[in-house]
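For reference, the chains in residue letters:
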Amino acid sequence: EVQLLESGGGLVQPGGSLRLSCAASGFMFVKYGMSWVRQAPGKGLEWVSSINIDGADTYYADSVKGRFTISRDNSKNTVDLQMNSLRVEDTALYYCATDPYGTRYFVGWGQGTLVTVSS
Amino acid sequence: QSVLTQPPSVSAAPGQKVTISCSGSTSNIGNHYVSWYHQVPGTAPKLLIYDNYKRPSEIPDRFSGSRSGTSASLGVTGLQAGDEADYYCAAWDDSLSGWVFGGGTKLTVL
């Protein structure tokens, strides 16, 4: 069973930084693409970033490009999201999600970690 | 404004059927698989339909998916109170080089 556990969320001031981490278990991590999807309070799902199985290919939503960096450690079964220059509009619950083929579907989701950007 | 367009809400009585539409373009639904997720408020999304029409083993056959051209739809028959949730469609988008989601549809069982 796919299990994903996010951590690292919290309260940060505008312009600040935060690093989210997602620990994966229950599946062959090295063969799955990984993504971050966020959900602002009361809003829908918004894709943030994805990384392929070996970390060579990364993708970002225009809203976070140049500010966020996704990375993965296949030896530790983890995927991170480094978030810099945070804005109030980045406030959201950030979900880690995994897809077995990279562009077909998210087979598993974590419970999310809350990021609040406020002064 | 979401790239994929869904109705904000649908409703029907218990036992009835509803259909949720998802409209996109050739850069997403037209050339990539569609997946559907349901989300009970306060919980994480869960995969409902993948590869346009396939169901994970734990999802009952009351749920069905289809795709035609640049649109997709989710059907739910035999509505139950427990089906009340938000439903999202998603697909990869070649133009954006990323995932796109619908804005979500709130299903209410009257």
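Note that the structure is predicted; figures quoted are calculated from it, not measured. (Residues numbered from 1 in each chain as written. Chains lettered and ligands numbered in written order. Predicted model: local features only at pLDDT ≥ 70, side-chain atom pairs only at ≥ 80, totals over all residues. Heavy atoms only, no water.)

1. Examining the overall build of chain B
Step number 1: In terms of helices and strands, chain B carries zero helices and nine strands.
Step number 2: Against the compact-globule benchmark of 13 Å for 110 residues, chain B has a radius of gyration of 13 Å, which places it among compact chains.
Step number 3: C-alpha extents for chain B along the principal axes are approximately 40 × 25 × 25 Å.
Step number 4: The proportion of buried residues among the 110 residues of chain B is 48%.
Step number 5: A separation threshold of at least 6 residues defines the contact pool for chain B, and within that pool the share at least 24 residues apart is 57%.
Step number 6: Accessible area of chain B: about 4,900 Å², with a carbon and sulfur share of 48%.
Step number 7: Separation between the mean location of the 7 positive side-chain charges and that of the 8 negative ones in chain B comes to 5 Å. (Helix = DSSP H or I, 4+ residues; strand = E, 2+ residues; numbered from the N terminus. Rg over C-alpha atoms; globule rule 2.2 N^0.38 Å. Buried < 20%, exposed > 50% of the residue type's maximum accessible area, 1.4 Å probe, protein only. Contact = heavy atoms within 4.5 Å. Areas by Shrake-Rupley, 256 points an atom, 1.4 Å probe, with all protein chains shown as cover. Lys, Arg positive; Asp, Glu negative; His and termini not counted. Charge placed at Lys NZ, Arg CZ, Asp CG, Glu CD.)

2. A short note on the pairing of strand S5 (residues 63-68) of chain B
Residue and element names in this part refer to chain B.
Step number 1: Pairing between S5 and strand S6 (residues 71-76): six bridges, direction antiparallel. Bridge assignment links arginine 67 to a residue of S6, and that residue is alanine 72.
Step number 2: In this structure, the hairpin formed by S5 and S6 is closed by a connection of two residues, where glycine 69 is found at a positive phi of approximately 60 degrees. (Pairing = 2+ DSSP bridges.)

3. Brief notes about the sheet that holds S6 of chain B
All names here are of chain B.
Step number 1: Taking strand neighbours across the sheet as the criterion, the three strands line up as S2-S6-S5 in an open arrangement whose pairing is antiparallel. Pairing within the sheet leaves two strands with one partner each, and these edge strands are strand S2 (18-23) and S5. Direction aside, the axes of adjacent strands within the sheet are offset by 15 degrees on average. (Axes fitted to C-alpha atoms, helices over the stretch in contact; angles between N-to-C directions.)

4. Things to note about the state of the cysteines
Residue and element names in this part refer to chain A.
Step number 1: Under the definition given, this model contains two disulfides over all chains.
Step number 2: Covalent S-S linkage joins cysteine 22 and cysteine 96, the inter-sulfur distance amounting to 2.1 Å. The sign of the S-S torsion, about -80 degrees, decides the handedness of the disulfide formed by cysteine 22 and cysteine 96: left-handed. A residue pair is termed long-range when its members are at least 10 positions apart, and cysteine 22 in strand S3 (residues 18-25) and cysteine 96 in strand S9 (residues 92-99) qualify at 74 residues. (Disulfide = S-S within 2.5 Å.)

5. Details of unusual backbone geometry
Residues and elements named next belong to chain B.
Step number 1: One non-glycine residue with positive phi stands out, namely asparagine 52, at about 75 degrees.
Step number 2: By relative accessible area, asparagine 52 is classed as buried at 10%.
Step number 3: Residues other than glycine seldom take positive phi values, yet serine 97 does so here, at roughly 50 degrees.
Step number 4: Judged by relative accessible area, serine 97 falls into the partly exposed class, the value being 35%.

6. Remarks on the nonpolar core
Step number 1: One finds Met34, Trp36, Leu81, Met83, Tyr94 and Trp109 of chain A together with Phe101 of chain B to be the most contacted residues of the largest nonpolar core, which totals 43 residues.
Step number 2: It is S9 of chain A that provides the largest number of residues to this core, a total of five residues.
Step number 3: Among the nonpolar cores identified, the runner-up in size contains 24 residues, and Val18, Leu48, Leu79 and Tyr87 of chain B belong to it. (Core = buried A, V, L, I, M, F, W, Y, C linked by side-chain atoms within 4.5 Å.)

7. What to know about the sheet that holds S3 of chain A
Residue and element names in this part refer to chain A.
Step number 1: Ordered by their spatial adjacency, four strands build an open sheet running S1-S3-S8-S7, and the pairing between neighbours is antiparallel. Each of the sheet's edge strands pairs with one partner strand only, and the pair in question is strand S1 (3-7) and strand S7 (68-73). Strand-to-strand twist of the sheet, defined as the mean angle between neighbouring strand axes without regard to direction, takes the value 15 degrees.

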